[in-house]
Amino acid sequence: MIKGKVASIGIGIGKALILDDKEITLEFDKVENPALENLKFNQAMEASLAEINELYEQALSTVGIEKAQIFEAHSLILQDPEFLENIYLEINENHHKASYAIDIVSRRFMEMFQQIENDYMRERALDIKDVSHRLLKKILNINSVSLKDLSEDTILIAQDITPSQMVNLDLKHTLGIITEFGGKTSHTAIMARILELPAVVGARGITKFIKTGDLIAMNGDSGEIFINPDKETLHRLMEEKRKIDFQKKELQSYRDLPTTTLDKRCVQLEANITSPLDVDSVLKNGATGIGLFRTEFIYMDREFPPTEDEQFSIYKSVLERMQNKPVVIRTLDVGADKKIPYLKIPNEENPSLGLRAIRYCLKNKSIFKTQMRALLRSSPFGNLKIMFPMISKLEEVLILKEIISECHLELRQEGLSFREDIKLGIMIEVPSAAIMADLLTSHVDFFSIGTNDLIQYVCAVDRLNEEINEIYDPLNPAVLRLISHVIKVGEETNTEVSICGEMAGNEKMTQILLGFGLSKFSMNPSNILRIKKLIRVLHFERARVVSKEVLNLPSSSEIKNYLNSAHDKINQLSKKS
Ligand code: PEP
Ligand code: MG
């Protein structure tokens, strides 16, 4: 089994098709007859333009106008007088072959764009590369594997898959994609999510381990890739897939139903997102709001931080699409496993305990202020709440508030509008913050418990270290006691508390969290309807009793046994409903 990074959830099983996009090799030979090369170039250009127009139409109907615009840009490059003039010049004056002329002119233009201090222009260099590749393939008669008409269920495997390839997919037969490169915010990952296609990215070396025709089973939820899996694994994954597909259909009937227990306790189910594109899934699953927008993902897969205006338009679009439902946007949580090379966090002995999240932001004020100004400016467009990650002491909150006041002052002086009443909250994910939650309540409007980190810090176990994974235990009594403590503080001080770590979407934990008094859960949108269905057959008062009993159990294994039997009982109830 090989593991990559989770990019788009779901299980895919099919035959491997390796997209072997070899580097094209070109000959430098001079030609005697430039007219023939002009003709070759013109034909390649026309064929490419026709192909790009077709791709544009396909993209419009599959992934929408925003992504389709990539092909509009490609078409403009192919008709750009300066680009064309340079190619004709290389052919006619320097007697280069058409292929060689395309290559050197594209490289020249790419270099030019790459040097411009503007992200948008730098991205145009990639468009030129894509266009020149298309032209070269036409001239050199290189036929790419057609992805449009596959004859069997297929998992596509490649070093990287371009947007052009993504919109060209035969969605009936493409059941998953795996790439060697790229991260969660690569175009491939983003488009895979829109297309609801399971995807694993960053699977280094995968193209060397797999041959076309191998049977592949991949799990987009865990990043696991099985090559020619044994019968048992295959059966397990097929079974899981069948269950997921069935549940997905069945759960849609819960979308507009209220999330209330049998004894009428109301619960809010919000969604975690990493990109504005995830809002589709938030709405499809009927979330009552966004409880966590992990903004660090908009800083990834690029060379410079997003500008204030770029961020403003992202936050504004999310707020507008959520139509006044609450949207909690968390400020940059960089560091530890979330590496962003250009932010230049030094190598540290213990990155999880080091310069991450709010610690980085407080030491790099201008980056933080850019984000804060963008957030404030977006506030008139919806119901924005701002949240700070990794708070470990009160002083951090006080400094943050000073910086926010500075931003207010600047925006006022610049005549830019913002809301004065934005709710400010903190992640409770460091034990010190959890222990002194009562002392923090008067300084913030809400808490959101980040169980992913809270577990790692309470149990002193690296959340990424597979070797000692059994110590990373959501059921460790200390973890549960701390969570219960924070929720109780919230109840006593009328401070809103939610949970946005993975625990919120874990069915086995629902009853106990509800019993602790939690009434706001934030999770991956794809978990929402499943948790809603479960809560609708739970009894709040019974959950209170269960959670009280759990808090008295001395070990995780005893808690596990207790919850399993409670969960079985609920499952029976759920099946009857
Ligand atoms: C958490 O720590 O629980 C959390 C939600 O934040 P992240 O997983 O992004 O660290
Ligand atoms: Mg965290």
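Structural data are supplied above this passage.
None of the values given here were measured: they were computed from a predicted structure.

> Explain the state of the cysteines here, please?
Any covalent bond linking the sulfur atoms of two cysteines counts as a disulfide. Under the counting rule described, the total for this entry stands at 0 disulfides. There is no disulfide at cysteine 459, and the cysteine sulfur nearest it, in cysteine 500, is 18 Å away.

> So what exactly am I meant to see when it comes to the packing of aromatic side chains here?
The tally for this structure, following the rule as stated, stands at 5 aromatic pairs. Ring centres of phenylalanine 83 and phenylalanine 109 lie 5.5 Å apart, and the angle between their planes is 85°; on these two criteria the pair is classed as edge-to-face. Remark: phenylalanine 109 occurs in helix α4 (residues 98-114) and phenylalanine 83 occurs in helix α3 (residues 81-92); sequence separation between them is 26 residues. Per residue, the accessibility class of phenylalanine 83 equals that of phenylalanine 109, and both read buried.

> For this particular structure, what's the right way to read the site of ligand 1?
Neighbouring residues of ligand 1: 14 residues in total, closest Arg294, Arg330, Lys338, Asn452 and Arg463. One nitrogen or oxygen atom from the main chain of glycine 450 is found 3.4 Å from an oxygen atom belonging to ligand 1. Backbone polar atom of asparagine 452 to an oxygen atom of ligand 1: 2.7 Å apart, as the coordinates give it. Burial of ligand 1 by the protein chains amounts to 99% of its free accessible area of 290 Å². Those elements that provide at least two residues to the shell around ligand 1 are β10 (290-294) and α17 (451-458). Take the shell around ligand 1: its biggest share by element is 3 residues, from α17. Class assignment for the residues of the shell around ligand 1 results in 3 nonpolar, 4 polar and 7 charged.

> Got a minute to help me understand the environment of glutamate 507 in this structure?
Within the secondary structure layout, glutamate 507 lies in helix α19 (residues 507-516). A polar atom in the side chain of glutamate 507 sits 2.6 Å from the side chain of arginine 530.

> I keep staring at the coordination of the magnesium ion (ligand 2) and nothing clicks. Help me out?
Expected angles at a metal are 109.5 degrees for tetrahedral coordination by four donors and either 90 or 180 degrees for octahedral coordination by six donors. Coordination of the magnesium ion (ligand 2) by the protein comes from Glu429 (OE) and Asp453 (OD), over a distance range of 2.0 to 2.1 Å. Placement of the pair is glutamate 429 in the loop between β13 (423-428) and α15 (431-435) and aspartate 453 in helix α17, with a sequence separation of 24 residues. By the burial criterion, glutamate 429 is buried, and aspartate 453 matches it.

> What am I meant to see in the pattern of salt bridges here?
Oppositely charged side chains can form a pair if their charged atoms are brought close together. Inspection of the entire model under this criterion finds 35 salt bridges. When the shortest N-O distance is used, the salt bridge between arginine 236 and glutamate 240 registers 3.6 Å. Pair noted here: arginine 236 and glutamate 240 are both in helix α9 (residues 231-251), with a separation of 4 residues, about one helical turn. Overall, glutamate 240 belongs to the partly exposed group, its relative accessible area being 30%. One salt-bridge network, held together by shared partners, links Glu308, Asp309, Lys365, Lys369, Arg373, Arg377, Glu406, Glu410 and Glu414.

Criteria and cut-off values
Residues numbered from 1 in each chain as written. Chains lettered and ligands numbered in written order. Predicted model: local features only at pLDDT ≥ 70, side-chain atom pairs only at ≥ 80, totals over all residues. Heavy atoms only, no water. Disulfide = S-S within 2.5 Å. Phe/Tyr/Trp six-rings, centres within 6.5 Å; stacked < 30°, edge-to-face > 60°. Helix = DSSP H or I, 4+ residues; strand = E, 2+ residues; numbered from the N terminus. Buried < 20%, exposed > 50% of the residue type's maximum accessible area, 1.4 Å probe, protein only. Near = heavy atom within 4 Å. Polar contact = N/O pair within 3.5 Å; in protein donor to acceptor, adjacent residues only side chain to side chain. Areas by Shrake-Rupley, 256 points an atom, 1.4 Å probe, with all protein chains shown as cover. Nonpolar A, V, L, I, M, F, W, Y, C, P; charged D, E, K, R; others polar. Donors = N, O, S within 2.8 Å, 3.2 Å for Na, K, Ca; no water. Salt bridge = Lys/Arg side-chain N within 4 Å of Asp/Glu carboxyl O.

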